[in-house]
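Remarks on the overall topology
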Amino acid sequence: MSSRPWFRDREAWRLIARGYLTWLSALMLVWEIAQARLYALWREAEGGYIAFSILHCTLGDVLIGGISLALSLTLLRQGAVGSWRWQPIAAVTVALGMAYTIFSEWMNLTVLRSWAYAESMPTISFGDARIGLTPLLQWLVVPLVALYFARLALLGRGA
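Calculation notes
- Residues numbered from 1 in each chain as written.
- Predicted model: local features only at pLDDT ≥ 70, side-chain atom pairs only at ≥ 80, totals over all residues.
- Heavy atoms only, no water.
- Helix = DSSP H or I, 4+ residues; strand = E, 2+ residues; numbered from the N terminus.
- Buried < 20%, exposed > 50% of the residue type's maximum accessible area, 1.4 Å probe, protein only.
- Contact = heavy atoms within 4.5 Å.
- Areas by Shrake-Rupley, 256 points an atom, 1.4 Å probe, with all protein chains shown as cover.
- Lys, Arg positive; Asp, Glu negative; His and termini not counted.
- Charge placed at Lys NZ, Arg CZ, Asp CG, Glu CD.
- Core = buried A, V, L, I, M, F, W, Y, C linked by side-chain atoms within 4.5 Å.
- Pairing = 2+ DSSP bridges.
- Salt bridge = Lys/Arg side-chain N within 4 Å of Asp/Glu carboxyl O.

**Structural notes on the overall build of the protein chain**
Along the protein chain, the regular secondary structure elements total five helices and two strands. In sequence order, the secondary structure elements of the protein chain are arranged as α-α-α-α-β-β-α. Its C-alpha atoms give the protein chain principal-axis dimensions of about 50 × 35 × 20 Å. Here the protein chain, with 159 residues, has 40% of them falling under the buried criterion. For the protein chain, the proportion of contacts with a sequence separation of at least 24, taken over those separated by at least 6, is 70%. Surface accessibility of the protein chain: about 9,100 Å² in total, with carbon and sulfur atoms responsible for 65%. Where the 13 positive side-chain charges of the protein chain centre and where its 9 negative ones centre are 16 Å apart.

**A short note on the nonpolar core**
Grouped together as the largest cluster of nonpolar side chains are 22 residues, with contacts concentrated most on Leu-15, Tyr-20, Leu-69, Leu-73, Val-81, Trp-84 and Trp-86. For this core, the secondary-structure elements that each account for two or more residues are helix H1 (10-35), helix H3 (47-75), helix H4 (86-111) and helix H5 (133-156). Residues contacting Leu-69, with those up to four places away along its chain left out, are Ile-16, Tyr-20, Ile-89, Thr-93 and Leu-147. Counting ten residues, the second-largest nonpolar core is a separate cluster that includes Leu-38, Tyr-39, Leu-109 and Tyr-117.

**Digging into the pairing of strand E2 (residues 129-132)**
Bridge analysis of strand E1 (residues 123-126) against E2 gives four bridges, and the strand direction is antiparallel. Across the sheet, Thr-123 pairs through a bridge with Gly-132, a residue of E2.

**Section: the pattern of salt bridges**
Counting across every chain of the model gives three salt bridges. Linking Glu-11 and Arg-14 is a salt bridge whose minimum nitrogen-to-oxygen distance equals 2.6 Å. Taken together, the residues span about one helical turn, with Glu-11 and Arg-14 both in helix H1 at a distance of three residues. Note that Arg-43 and Glu-44 form a salt bridge whose closest N and O atoms lie 3.2 Å from each other. Residue Arg-43 is classed as exposed on the basis of its relative accessible area, which comes to 56%.

These results come straight from atomic positions and should not be treated as a statement about function.
Right, here's the structure in full:
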């Protein structure tokens, strides 16, 4: 492991900005569009508001995903990108994104009541809370795929 922290490595920032966040943005947008019908909003709101909501959620997902990766790199004390331990980074990034999603879904569904699921949304229980399965799967799948493609691009450059 390098003695220089990840945030002082230009290649790390390049990989995050041009690789991970680019893939994460595209994949989150596709996922949000695909799961929109599983929210009550789909049948209750106008098309423009649905589009705004999808964009808003996608931007929030990218922010959560970026912060999750930065926190995992920091918690795991990663150095220069060439020395990254990819499996632990992926595991912690997914765990952080998933933890935030569970909290956010609970808060917005139960406490704030700012959105609701359609009857077609599959859910699982976390204590008294019922959380949508697709938002959880989103955080299990999308960051892993984004990290995978970012790493492929890095390897393609010979790093």
